[in-house]
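Architecture at a glance
The residues making up each chain are set out below.
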Amino acid sequence: MVTEPTTIKSTSSSPVDDISGKGPVVSVHETSSNLVDEEEHQVNFSDIFFRKRKDLFDPDVIATKRSVFDDPVLAPHYWPKKDYENIHRLDPSARWTYREEQALVRKIDWKIMVLAAVVFSALNLDRFNLSQANSSSFLADLGLTTDDFNLGNSVFRLAFLCAELPSQLISKRVGPDRWIPTEICLWSVVSLAQFWLTGRTSFLVCRALLGYVSLFIPDLILYLSYFYTKTELPIRLALFWMSSYLCSITASFLAYGILHLDGVAGKAGWRWLFLIEGGITLFIGVATFFNMPPSPTQTKAWFRPKGWFTEREEVIMVNRILRDDPTKGDMHNREGLSLRRFWTAICDYDLWPLYILGLTSGIPDGPPSTYLTLLLRDIGFNTFQTNLLTIPYQVLGIITMFLITLLSEHVGERTFVAMLENLWTLPFLVALYALPSEPNQWVFFAIVTGLLSYPYQQTGWCSRNAGGVSCRIVNASLYNMFTQASSVVGSQIYVASDAPRYERGNRVLIIICCVNLGILYPATKAYYIWRNRQHDKVWNRMTVEERDHYLRTTKDVGNRRLDFRFAH
């Protein structure tokens, strides 16, 4: 990092007055007495719904948290790079109140978070319409078998795997604010082009192209981290995933209506489904080009000359983000990764346990989710009943995700909370396996709906344990690649020779679920406990002078630093 002087300019005569940049020179020690030393508190659903912190503080007192920038010894080691895009708003002497901060976060939610939810929903609108098309005559019209359908899903995931890292490298070089809208537009064009599918070859080509351009979820999470602190982001990611369920519910109703267009202009209803929903996504993609600013201090544009935030708000945003995580100043938002950083991130063996979990944890519930509409059709429901019957598990999914988020807020435990997905899935898989050869269709529906209502809370674990920004980009992409590889494996478990009950496939899913619960999750937790003890042993033995020397001279980055601790 760039070494800066330990004296800085005060921006106002009062800690919360407007920032003018014309104040006297003041030492760090002189401006740090009014900082907040309260224990870091994660914003959570409990606060929102039960108003637990309503009366715990005066909204007009200083809210600025103490950080390394207030220590004259440590501050130079964490100072952002000179080309960091927000460095002109970094001022360690800046102070703000809780009232200002809360108003600003609400504004960020409306300007940034709502857009992210809409963008993510647009992806899901097109991502899941293949399943809805399967409730119609899609396979029969194209002369496809369920094995061809499996192959299409595998091609999609393999294309995704091949493009994931290159896509993230491009995103970091050109900026997620440019790359995300581009990907949405490319995705929507390919998606609506499925209106003209003619057979197996065109189906596989479209699945491959869709896999190459459906890669912006890690970009979107990185983009959100530009605006939110690490205690604010988890609850928003939970809402982020909940929005996907709401989108799926909306998509089910859309599919119910659009599939009634069967026969219009001599075209099947599923063709209209691809065309109309692809058009909706294209509109959202074009609009995103004009509504995704590069950073907190770059919201002005020719079509938005005043920008979204005042200078005061920009100062608060930049300083609160860097106080929370100084490593966010290590790279600017148009900086590509060097080969050295790229290789260092790939060789980070401390994240390999999470990659393995990413590969295996999603397999048990993957095939039932992918095959849901086909399973419901095979059990006796018609096209329109099938699309409506996909709604209950999505509603229940919102509820279980809300409940597991509440749980995670109180237990402070990553491993146990992540395990709940497989703990939930296992008894339903056993029940599905134990059903008779010709089960009651409503009993079958109830079991599958319960299975797919599983709680999910593993997002962010990999990024948290990666450390610096450059590492997070690559490691998040690698983790996402392993989760997609999970889908490749899962798509080969339900095969045509095992239809329609898929007893052999369900037996495999039960075994994988047991391995996850009995071996992989406990082993991951044990590994991170051991690694933290290793870091503690060295760090706690060092004197203050030795720690200062280490921070000044170390070439360790991310989770290799001795002051880093893994979450488990």
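Residues numbered from 1 in each chain as written. Predicted model: local features only at pLDDT ≥ 70, side-chain atom pairs only at ≥ 80, totals over all residues. Heavy atoms only, no water.

Now for the packing of helix H11 (residues 233-258) against helix H12 (residues 269-288). At a closest axis distance of 9 Å, the pairing of H11 and H12 adopts a crossing angle of 130 degrees. Relative to H12, H11 is oriented oblique. The crossing of H11 and H12 is right-handed. Across the interface between the two elements, Ala251, Leu254, Ala255 and Ile258 from H11 touch Gly269, Trp272, Leu273, Ile276 and Glu277 from H12. (Axes fitted to C-alpha atoms, helices over the stretch in contact; angles between N-to-C directions. Helix = DSSP H or I, 4+ residues; strand = E, 2+ residues; numbered from the N terminus. Parallel < 35°, antiparallel > 145°, perpendicular 65-115°, else oblique. Left-handed = near helix turned anticlockwise from the far one by under 90°. Contact = heavy atoms within 4.5 Å.)

As a further point, take the pattern of salt bridges. Inspection of every chain in the model, using the stated rule, returns 12 salt bridges. As a salt-bridge pair, Arg89 and Glu314 come within 2.8 Å of each other at their nearest N and O atoms. Of this pair, Arg89 sits in the loop between helix H3 (75-78) and helix H4 (98-127) while Glu314 sits in helix H13 (residues 311-324), placing them 225 residues apart in sequence. The pair formed by Arg89 and Glu314 is uniform in burial state, with each residue classed as buried. (Salt bridge = Lys/Arg side-chain N within 4 Å of Asp/Glu carboxyl O. Buried < 20%, exposed > 50% of the residue type's maximum accessible area, 1.4 Å probe, protein only.)

Attention now moves to the nonpolar core. Soluble globular proteins: nonpolar side chains tend toward being buried together. Ranked by internal contacts, the top residues of the largest apolar core, which has 70 residues, are Phe138, Trp270, Leu351, Leu354, Tyr371, Leu432 and Tyr494. Ignoring sequence-local partners within four residues, the contact set of Phe138 consists of Leu130, Ala133, Leu144, Leu197, Phe203, Trp270 and Phe274. Core analysis: the next-biggest nonpolar cluster, separate from the first, contains 40 residues, Leu104, Ile108, Ile112 and Phe240 among them. (Core = buried A, V, L, I, M, F, W, Y, C linked by side-chain atoms within 4.5 Å.)

Quick look at helix H10 (residues 217-225) now. Summarising burial for H10: 9 of the 9 residues are buried, a large majority. Along H10, the positions that sit buried rather than exposed are Ile217, Pro218, Asp219, Leu220, Ile221, Leu222, Tyr223, Leu224 and Ser225.

Per the stated rule, a full pass over the model turns up 27 aromatic pairs. With 5.8 Å between their ring centres and 90 degrees between their planes, Phe149 and Tyr371 make a pair best called edge-to-face. Linking Phe149 in helix H7 (residues 146-174) with Tyr371 in the loop between helix H16 (366-370) and helix H17 (372-379), this pair joins segments that are 222 residues apart in sequence. Both residues of the pair, Phe149 and Tyr371, belong to the buried class. Grouped by ring-pair contacts, the aromatic residues Tyr527, Tyr528, Trp530, Phe564 and Phe566 constitute a single cluster. (Phe/Tyr/Trp six-rings, centres within 6.5 Å; stacked < 30°, edge-to-face > 60°.)

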